[in-house]
Every structure is written in C-alpha cells, then in structure tokens.
Amino acid sequence: MRLYRWLLRAYPAPFRRLYGADLEADFDDLLARTRPRGRGAVTRLWARTVVDTVRTGLGERLSRRGYRAGRSRVRIPRTGVADRVADAWQDLRIGARALGRSPGYAAAVIATLALGIGANTALFSVAYGTLLRPLPFASGDRLVRLVQEAPPATDPGAAPARAGFSVTDLEAYGAGVPGLVEMSEFHAMTFTLIDDGGPHRVRAGVVSANYFEFLGLEALHGRVLHPDEDHMGAEPVIVLTHGYWMERFGGDTAVVGTRVRMNDRVHEIVGVLPPRPQFPVAGDIFLPISACPTRSDPAFIADPSARMMWAYARLDDETDVAAAGQRADSLLSALAAADPAPYPVERGFDVRVVDLRDDMVADVRPLAAALLAVAAFVLLIACANAAGLALARAGRRLRELEVRGALGAGRGRLVRTLLGESLLLAAAGGVLGLGVALGGHDLLVGFAERFTTRAQEIRLDGAVLAFAATLSVVTGLVFGAVPGLWVGGRVRATGMESGAATVGARGRMLQRWLVVAQVAVAFAVVSAAGLALRTAWTVGSTELGFETTSVASLTISVDKERYRSPDSARVLFDRLAASIRQEPAVGKVARVVMGPLSGYMHRDAFFIGADADGGEPVTALSRVVDPGFFEILGMSVERGRAFTRADGPDAPPVAVVNHTFYERFMGGRFGVGATMVRCHGPDECLPPTTIVGVVADVRFDGPDEPVAPEVYEVARQNPVYGGENLVLEVRGDPAGLEQAVARRVQAVDPDLPVSDFASLEGLRQERTRPRRFLAWLLGGMAAVAAGLAVTGIFGVAALSAASRTRELGIRRALGATPANLTRRVVGEGLVVAVAGVGAGLILAWGFGRAFASFFTTILWGVAVHDRLTLGLTALLFTAVAVAAAWGPARRAAALDPMQVLKEP
Amino acid sequence: MSVTPELHTRAREFLPLGAPVFHILLALGHDTLHGYGILEAIEAKTGGEAAILPGTLYATMNRMLDDGLLVEADRPEGADARRKYYRRTPLGHAVVAAEAHRLQVLIDVARSEATGTRAAEGGETA
C-alpha cells in the first residue's frame, strides 16, 4: 500500500487531496478481491494500475485544471490537453499493435538501438563516476594538490619531471602560502607486515595525522590518527583500508586493538576506514609519518632535496586555484633567492597548484572522452540505420497511412503515430541497452582501475539511468523524425492519389544520404579500432628477446634493518637459492633487482672512462643481477664475457652493458675492458667498474617500451635493495610451484614474504592486457558500426534495384546490354560508398586531431594517421559496396525486358 | 426524470461520449454509489469486460463533476465513512439517454446494412 501511495504522486496535489483516500480504499479492495486468484493476477493488476495511474496522472497534470472548492460548470472542450494525452496514448497503442505485426523489423531496430544505447550508457557511467561526480570527500571542491617539477638528479640536462616534496618544502609552503589551509602529506611505501597469518607485503600510505580530517573521513571502526602521532617517537599505529580489512580479516571488528609486526617494530591496529575510493593511490594500510623508517630518519628530515612526499592542501573560501598557484610561485622565488641549491629555478624547477579532482583523473580523462565519442558515433550510426529501416517501412505502409489520413487523421496525427512507434522501439532498446551496460560493467571498471582509483565510484545509479532514459527518448525522436517528416510531407502532397507502394525518388535520395552518413561515421570508428588493433598486434608480436615460457619470477622483500650488512644479505640469498633449487621443478635460480617485466626500472648516470671528469655523463637503465641470470633468460653474449661466480664481493667490480649501450656510447672509442663510473648525484660517485662484456638487447620493461642503453652489475658486489626478484628456470609442471617455493623460502627465514609469483609469459600478458582490452572494446564497437553500415549499403542497393525494375527493363528493351545495366547499378552503390569513405576520411582526420592525447596514450608503433590502416578501411568499405550492389545488379541485368514491360 | 428540450440540447454537445464516461453514467443508474461501487457495477453490468481501474475512474469523474454530469451525494444510511458518494445529475441523465439514442441509430443502420449485404450475396449465388 505504501507503494501505491507513492505511485499516487503521479497526480497533482489538489487531485490527491480530493480523491487520494478513495483511490487508496478502492485499490485496497481490488487487491483484496484479486489475491485469492493467485500471484499472477495480483502482478497483472499492479502492472495495469501503474500504467493507468501514470497515464491519468499525466493527463491531470497537463490539464492545469483549477481544483477549486466550488466547482465550475464550464465545460472542458473535448480537444483539451487531457484528450491529447489520451490521443498520445492511443498513438502508442496503435504503434505497439503495428510493431507486433512486424516483429522482424521491431527486433532489428531494438537490437541496433540497444547496442548503441548500451555502449553509450556503459561509457557514460565511467565518465560520470570518474570525471563528473563530485569527490566523495568533505569539501572536495576546495581540495588541491601541490606539484613540484625538478630536473632529474641523475640527468641534469633532461626536461624537468614531477618531483615530490621534502620536509623543508612542506613546512615552507604550509607556512608561507596565504589561502592554503591544512597542508597534508602522503607517500606510498611497501612494507612486510607480519600477523598471525604470517608475513605478507602491504601497500602502505604514510600520511600526516590530519590527512583523514582533511578528507572528512571518519573511522568505520576504532579511530583514525591522533595529532600527536605526527611527532617522531610516537607509538607506531596503523589504520586499515576497508578493502584490505575485508580481504585479510574477513571484516572482523575484533582486529582493532590487536598488534602486528612491521619494519621490526610492533604496530597497533587502531581503526578501519569506511569503503571509500583509496586516495591518492590504491593501498592496504595507512600509518603516520612517525612510523615510517625513512620519513622519520633525521638525515632525511634535514635534507631539503630529499623529495618523496605528495603535498595536498585545502583552499580557504577567498582563494581559487590560480591565486594559490601564483602565491606558491612567488614563495618559491623567495626560497630560491635565500638558498638556490635545493631550488634550481634557472634549470626549470617549478611549483604548481592543481585541482584535486583533475589530478586524480588526469590519466582517464582523454580515454573516457574518446571512448564516449566513439560510442556516440556508434549510436549515430544506429540512429541512421534505424531511420533507414523505418523509412523503408513507412514506404511500404504509405497506403495504410493514406487511408487513415483520408478517414480524418490529421497530418500531425500520422507523424505522431510514427513517432509513437519509434519511441516505443527506442524505449525497448534502452531497456535492453541497460542490460548491455550492466553486462560490460565489471570489465569496464577493471579497465578504468588502471588509470584512476575513482574507478570504484563507477556505478549504474540514478544519474546513469536518467542518462539512458534521456538518450532513449532522444534516439526515438531522432530516428522517428526522418520517416515521420517524410510521410507528413508526402501525405499532404499527394493525398489518396499516389499508388506507389515503396518510397519514391525523394525517399531513395534520403536513404542514400543516410547510408553515406553511416559509412562516414563507421569509417572513422573502424579506422580508430584498426589503429588500436594494430597496436595490440604489434605489442603482442614484438619479440622480447628473452625466454618467457619456462621462467618464473617472484618478489622477496628483505627487511633492510635485519639484513643491513652486505655479508648477511649474501648469505641469505645463497641459502635461499640453494633451498629453492631443491624443488624438483626448479632448475637454475638467480637474483635480480627490478626484474624482467616487474614494472620497475631505474636509471643512473654513468661516466665512461677512467674518472668522472673524463667526459659527458650518459644515462642508462641499471639492473643488478646474479651470474646465472643471462643464462636463465637465454641472453647471448656478443663480446667479452658474462658474470661468473669469481665476480665476488672481494673481486674488482665489473659490469656488462647491452648492445645499444655499446653501439651508442662506446663504439669506436671504448672497447670491452674500459672503465665506467656510476654517480647518484653530482658529487656522489662510486668506485670505477670494468666493463667486461656486451649482451644482446632485450625488452625487460615490456614490448611497448623502446630498447634503451642498459648496464648490468653484479648483485653480490652491490648493497641489498629491499624488494628483490628471483628468476627461476622452471622444468616440468609449474602447478603448485608457488606454494612449494614459498615453503622453501620460509624454511630459510619464516618472516620473508613471497609475492608476485608468476611466469614471465604471464607477466607479459598482464602488461599488455589494457591494450588488448581497448583493442577489443574499440574493435567490438567498430564491428557493430561496420555491420550496421554494411546492412545499410545492402538495403539501399536492393531497394534501389527493386524499385527500378521497370526502368531497367525499358533500358534493356532500348538496347542496353546486361553488362551496361550491371555497371549502372554497381556504379550507384559505388558512388554512395565513395562519398561515405571520403567523408569518413575527413571525419577520421578530425577525430585524430580532436583526441590527439588519447591516441598518443593508446597507440604504440603506429601513427595516428597510419596510411595502411586508413587505406585498408577505405578498401573494405568500397569492396563491401560493390559486393552489396553486385547481386541486385545481376538480377536486374538478367531481366527479360518483355516480361517486365508486360507487368502492370 | 423527464428531459426538457433545453437539457436535451445541452446534452447533445457531449456526444459522442468517451467509453469510461458512458460506463460510469450507466453504472450509476438512479443509485447513489461510491467509487468502488461504481467499479463493481460496471463490471457486473458488462460481464467484467469493461473493467476500468481507479485512476481512470477518478480522473474521469473529476471531469464529469466539472461538467456537471455528476454531483457528490450525501452518504446513505450505514454507508462506508471512508468514502465519498456520487449520483447522476439531470444533465448526466440526459447525456446518457442521448448517447444511447445515438448508438441505437447507429446500430439500426449497421443492422440494416448487414441484412442488405447478406441479401445481395444470396442473390449472386442463386
């Protein structure tokens, strides 16, 4: 009954005051009477009642009747708005009945529109959830991020890149920029957390204690951080994110107050956060700055150039982003004037203030915009296609419509009947489209997660439903307007005289234009998809240059506090390798920092020659590896030698470089045996290393990263890094290997967590997955677009030939050969296709220009205006047009002219 | 209840009647009924065929009250206190009579045509 009372809101309030009680009482009685007849009867009653209420409610609202206490005796004219609603209702019913008689047509149009509306709804949900929805944080529109840009320390000549903030920076901006209130800091770390379930890796956000208050977040259980937990020496505490709490502790509230070990200290879990998007990056736990070993190190705090933290602030009500940016800039000038060393403004050091929402979604914006544009294109084609179908159908029904016109239905009424039909079809398409959107939802969220943590906010909610509904109505009006207006004009012009049962010359022209438009838009979509597919293919077929199928890698996180001395780390890794090698399915084992396809890389500056003064520094990727590494990965040695067991901690330091390094930096001037110095900063150079060999180029950072100069050094001659990878040669069945290896590792040290166990082939697939997904997504939309456009071409060719049988017969009788006629019909199809392809080329070019940043993000190894892709697409559409026209053309040519002319 | 010529003229302005209006007027007859009573009467008199729902009923009756075809009536003895009661006005009576007459004429025409057609068909086969 509450539902019914809610339903009664369809009526205007005065009407409800007059009849609400009676309506409720009557419906109550009706329900009571219907219930004994079963659930089906009750459902039918409800369905009929909803329709009845909405219909009459709409009528009452539109009639603007004055509900005065003393009733007027003025008669409402029978053409009142209420009657118009009744007429509209009747139009819809006529439409529904007419559609029921042509289920094939209805199904074709509904399916077409469902794909278009579904794609748009799904992508709108992404755009809305990530780009448009306000941040789910307190006063989210006042939150900003501060960004510093600095020239890289290892390569002072390179362009400035995003740098973090040092403690000195944070204090300076916090105190010195008016309008910025509540500075808050964040940096991401990965730690090993040891609880009752054993050791495991956690992604930690290290934050100032005001961070949660800053975002307006309160704990779901327990508490967030206390202000005094910012002070160094405070008892270490952690706050769990909701996702981690559910996954690791199954949502057990008793976990609050328990203790876990991390960084060789005991931490108390003090609270659990509510389910909010993790900000600014996805993570498992939060801890205060006093609990982070790096952040609380006095040397780190004192160093003004130790820039690691991200800085956030809230604007006060008087300040906007631009003003705050200017003030931060002038503060920077003052800081640089006082102490130039940490603030090299003359080399491009800079500070900016950006809106937090823009910052969070910067990566997803071009993607969402371009995909939405493609989806809109698909919907346009769907509309044009549906309009073409509706036009053909209207042509076939011209007789019926003319009869209705003769019986008194006005022109407007006839147009409305057609619009009623198209609205019904669009509504059905919209409902089905919602299903399409729902089906693709999880896939899209998974895809968007790679670009923004706001992906969690993507939902099919009221706003998205409203979008889908609006889109359906607009779609219905747009594709219904074409045949509606055509029929309207036609009925007025010819009345009952016309005997033609198909669309005439003007209608055919309209159909051709619709097909040209479809081909043009489909061309743009198909060429975009072609580019994405070529990228995916290029990336998928690029040789990495090393063995991936029989090699697995894993991460072991070594606690640097416990294995501080190089000797203890060496002993640990020797024991680990020996232990893992006992596993029957494992062959050789080697250690590597920032292993193949791990997603991590490191660049260093090197001076080739005897010492740092010997020349210009060169920048190269740097990896430290065990001797067996090259052999496990099947990398060939081109010159000199690989590392051996003899290259121990006490032997002279050695390095191996890759082919590109040798060719680019050494060729001609230095040979194997040259020395090299590595520097971490201008004045921090390590002892010289001898280059003992050159290995072949490989793509350790993935198929879509260019091959760069690279230096390999010996792990045993370098300090322990922390997160270390092991690569294993896998022989035989890898099933269950992960658990077996983890047991072997924990037999050596029970506090060492093993994570990221995967085969290198698996890592490669994982790395290229977003490109494949995008290629599939665009390819799917392109297939729909091309399919629709092709149906359009076929339809026009067939209709055009069929409606001109008589004309072609006459031509034949007058001496045209079958070949002449074939050429004629095929030529017309070709004209449509060529016009469409021409317009499509322009559209594709404009699309490439408008979404340039999207294409640079998604393409690799293919140019935006790739001639091959555009050429193949053009060829495809032209070929389809010829093929479509061929059948009808052959039939027309085979006509017996006498037979055709005898027909009435 | 007699229909004056003046009332008859006014009643003809309402023709043809919408189906719900006609059914409501017929259902009321000379009785005083509440909304649900009207719904039941329509069902009973049409054998359940023309069942209308409360929304249509009240929206239609609202217009009929404005047009003066119905009035709210006093509650009969022992009536349901939750509900309002309605009865036909003389104008409502005149309108339903006029509509019935109009339909009667149409039915007569249709019948005579149907018989005529059948006769013609018979003639051809003979």
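The structure under discussion appears in the preceding block.
Report follows, based on the coordinates. (Residues numbered from 1 in each chain as written. Chains lettered and ligands numbered in written order. Predicted model: local features only at pLDDT ≥ 70, side-chain atom pairs only at ≥ 80, totals over all residues. Heavy atoms only, no water.)

## Observations concerning the overall build of chain A
Item 1. If you tally the helices and strands in chain A, you get 26 helices and 22 strands.
Item 2. Dimensions of chain A, computed from the C-alpha atoms along their principal axes, are close to 105 × 85 × 60 Å.
Item 3. Counting over 904 residues, chain A shows a buried share of 51%.
Item 4. The contacts of chain A with a sequence gap of at least 6 include a subset with a gap of at least 24, amounting to 79%.
Item 5. A gap of 18 Å separates the mean positions of the 98 positive and 91 negative side-chain charges of chain A. (Helix = DSSP H or I, 4+ residues; strand = E, 2+ residues; numbered from the N terminus. Buried < 20%, exposed > 50% of the residue type's maximum accessible area, 1.4 Å probe, protein only. Contact = heavy atoms within 4.5 Å. Lys, Arg positive; Asp, Glu negative; His and termini not counted. Charge placed at Lys NZ, Arg CZ, Asp CG, Glu CD.)

## With respect to the overall build of chain B
Item 1. A count of helices and strands for chain B gives five helices and three strands.
Item 2. The helix and strand sequence of chain B, counted from the amino end, reads α-α-β-α-α-β-β-α.
Item 3. Residues counted as buried form 44% of the 126 residues belonging to chain B.
Item 4. In chain B, once contacts between residues fewer than 6 apart in sequence are set aside, the share between residues at least 24 apart is 59%.
Item 5. As displayed, chain B has an accessible area near 6,700 Å², and 54% of this comes from carbon and sulfur atoms. (Areas by Shrake-Rupley, 256 points an atom, 1.4 Å probe, with all protein chains shown as cover.)

## Section: the sheet that holds strand 2 (residues 70–73) of chain B
Residue and element names in this part refer to chain B.
Item 1. Strand order in the open sheet formed by three strands is 1-3-2, with antiparallel pairing between adjacent strands. The strands lining the two open edges of the sheet, one partner per strand, are strand 1 (33–34) and strand 2.
Item 2. Here four bridges tie strand 2 to strand 3 (residues 85–88), and the two strands are oriented antiparallel to one another. Within strand 3, the position partnered with Leu70 by the bridge is Arg88. (Pairing = 2+ DSSP bridges.)

## Here we look at the pattern of salt bridges
Residues and elements named next belong to chain A.
Item 1. Enumeration according to the criterion identifies 35 salt bridges over all chains in this entry.
Item 2. Ionic pairing is found between Arg767 and Asp704, a salt bridge with its closest N-O pair at 3.2 Å. Placement of the pair is Arg767 in helix 21 (residues 760–803) and Asp704 in the loop between strand 19 (689–695) and strand 20 (710–714), with a sequence separation of 63 residues.
Item 3. By relative accessible area, which is 10% here, Asp704 ends up buried.
Item 4. Glu705 is paired through a salt bridge with Arg767; the nearest N and O atoms lie 3.8 Å apart. On the criterion of sequence distance, the pair formed by Glu705 in the loop between strand 19 and strand 20 and Arg767 in helix 21 is long-range, its members being 62 residues apart. (Salt bridge = Lys/Arg side-chain N within 4 Å of Asp/Glu carboxyl O.)

## So, the pairing of strand 21 (residues 723–730) of chain A
All names here are of chain A.
Item 1. Where burial is concerned, most of strand 21 is hidden: six out of the eight residues are buried.
Item 2. Pairing geometry for strand 12 (residues 551–557) and strand 21, over seven bridges, is antiparallel. Its bridge partner lying in strand 21, Ser557 is registered against Gly723.
Item 3. Across five bridges, the pairing between strand 13 (residues 586–592) and strand 21 is antiparallel. The residue of strand 21 that forms the bridge with Val589 is Leu728.

## Considering the interface of chain A and chain B
Item 1. Facing 31 residues of chain A, the contacting portion of chain B comprises 28 residues.
Item 2. A buried area of about 2,800 Å², summed over both sides, lies between chain A and chain B, and 46% of it is on carbon and sulfur atoms.
Item 3. Run the count over chain A and chain B and you get four salt bridges.
Item 4. Glu43 of chain B serves as the salt-bridge partner of Arg33 of chain A, at 3.0 Å between the closest nitrogen and oxygen. (Buried area = accessible area lost by both parts, 1.4 Å probe.)

## Regarding unusual backbone geometry
Item 1. The peptide bond linking Leu15 of chain B to Pro16 of chain B adopts the cis configuration, its omega dihedral lying at -10°.
Item 2. Along the chain, the position of Pro16 of chain B falls in the loop between helix 1 (5–12) and helix 2 (19–28).
Item 3. One non-glycine residue, Asp264 of chain A, lies in positive phi territory at about 65°.
Item 4. Among the structural elements, Asp264 of chain A can be located in the loop between strand 7 (259–262) and strand 8 (265–272).
Item 5. What makes Asp264 of chain A partly exposed here is its relative accessible area of 44%.
Item 6. Even without a glycine there, the phi angle at Asp756 of chain A is positive, about 55°.
Item 7. Tracing the chain through its elements places Asp756 of chain A in strand 22 (residues 754–759).

## What about the packing of aromatic side chains?
All names here are of chain A.
Item 1. This structure, assessed with the given rule, holds 28 aromatic pairs over all chains.
Item 2. Geometrically, the ring pair formed by Phe630 and Tyr712 is edge-to-face, given 5.2 Å between the ring centres and 90° between the ring planes. Within this pair, whereas Phe630 is found in helix 18 (residues 629–632), its partner Tyr712 is found in strand 20, the two being separated by 82 residues in sequence. This pair shows no difference in class: Phe630 is buried, exactly as Tyr712 is.
Item 3. Ring geometry for Phe661 versus Phe665: centroids 5.0 Å apart, planes at 80°, classification edge-to-face. (Phe/Tyr/Trp six-rings, centres within 6.5 Å; stacked < 30°, edge-to-face > 60°.)

## Here we look at the packing of helix 23 (residues 818–850) of chain A against helix 25 (residues 867–893) of chain A
Residues and elements named next belong to chain A.
Item 1. For the pair helix 23 and helix 25, interaxial distance at closest approach is 8 Å and the crossing angle is 155°. It follows that helix 23 is roughly antiparallel to helix 25 by the angle criterion. Once helix 23 is placed against helix 25, the crossing between them reads as right-handed. Two secondary-structure elements touch here, helix 23 through Pro818, Leu821, Thr822, Val825, Val826, Gly829, Leu830, Ala833, Val837, Leu841 and Ala844 and helix 25 through Leu870, Ala874, Phe877, Thr878, Ala881, Val882, Ala885, Trp886, Ala889, Arg890, Ala892 and Ala893.
Item 2. Looking at the contact of helix 23 with helix 25 residue by residue, the class counts come to 19 nonpolar, three polar and one charged. (Axes fitted to C-alpha atoms, helices over the stretch in contact; angles between N-to-C directions. Parallel < 35°, antiparallel > 145°, perpendicular 65-115°, else oblique. Left-handed = near helix turned anticlockwise from the far one by under 90°. Nonpolar A, V, L, I, M, F, W, Y, C, P; charged D, E, K, R; others polar.)

## What about the side chain of Thr53 of chain A?
Item 1. For Thr53 of chain A, the location among the structural elements is in helix 3 (residues 39–63).
Item 2. A polar contact is formed between the side chain of Thr53 of chain A and the backbone oxygen of Thr49 of chain A, at a distance of 2.6 Å. (Polar contact = N/O pair within 3.5 Å; in protein donor to acceptor, adjacent residues only side chain to side chain.)

## Some thoughts on the nonpolar core
Item 1. Counting residues in each nonpolar core, the largest one holds 81 residues, and the members touching the most others are Phe479, Leu778, Met781, Phe855, Ile858 and Phe877 of chain A.
Item 2. Domain assignment of the residues forming this core places at least three in each of domain 2 (84–137 + 366–503) and domain 4 (510–541 + 764–904) of chain A.
Item 3. Sequence-distant contacts of Ile858 of chain A, that is, excluding residues within four places in its chain, are made with Leu367, Ala532, Thr535, Arg771, Leu774 and Leu778 of chain A.
Item 4. With 46 residues, the next largest nonpolar core counts Leu23 of chain A together with Leu15, Leu17 and Ala98 of chain B among its residues. (Core = buried A, V, L, I, M, F, W, Y, C linked by side-chain atoms within 4.5 Å. Domains from an automatic or database assignment.)

Any functional reading would require information beyond the geometric quantities listed.
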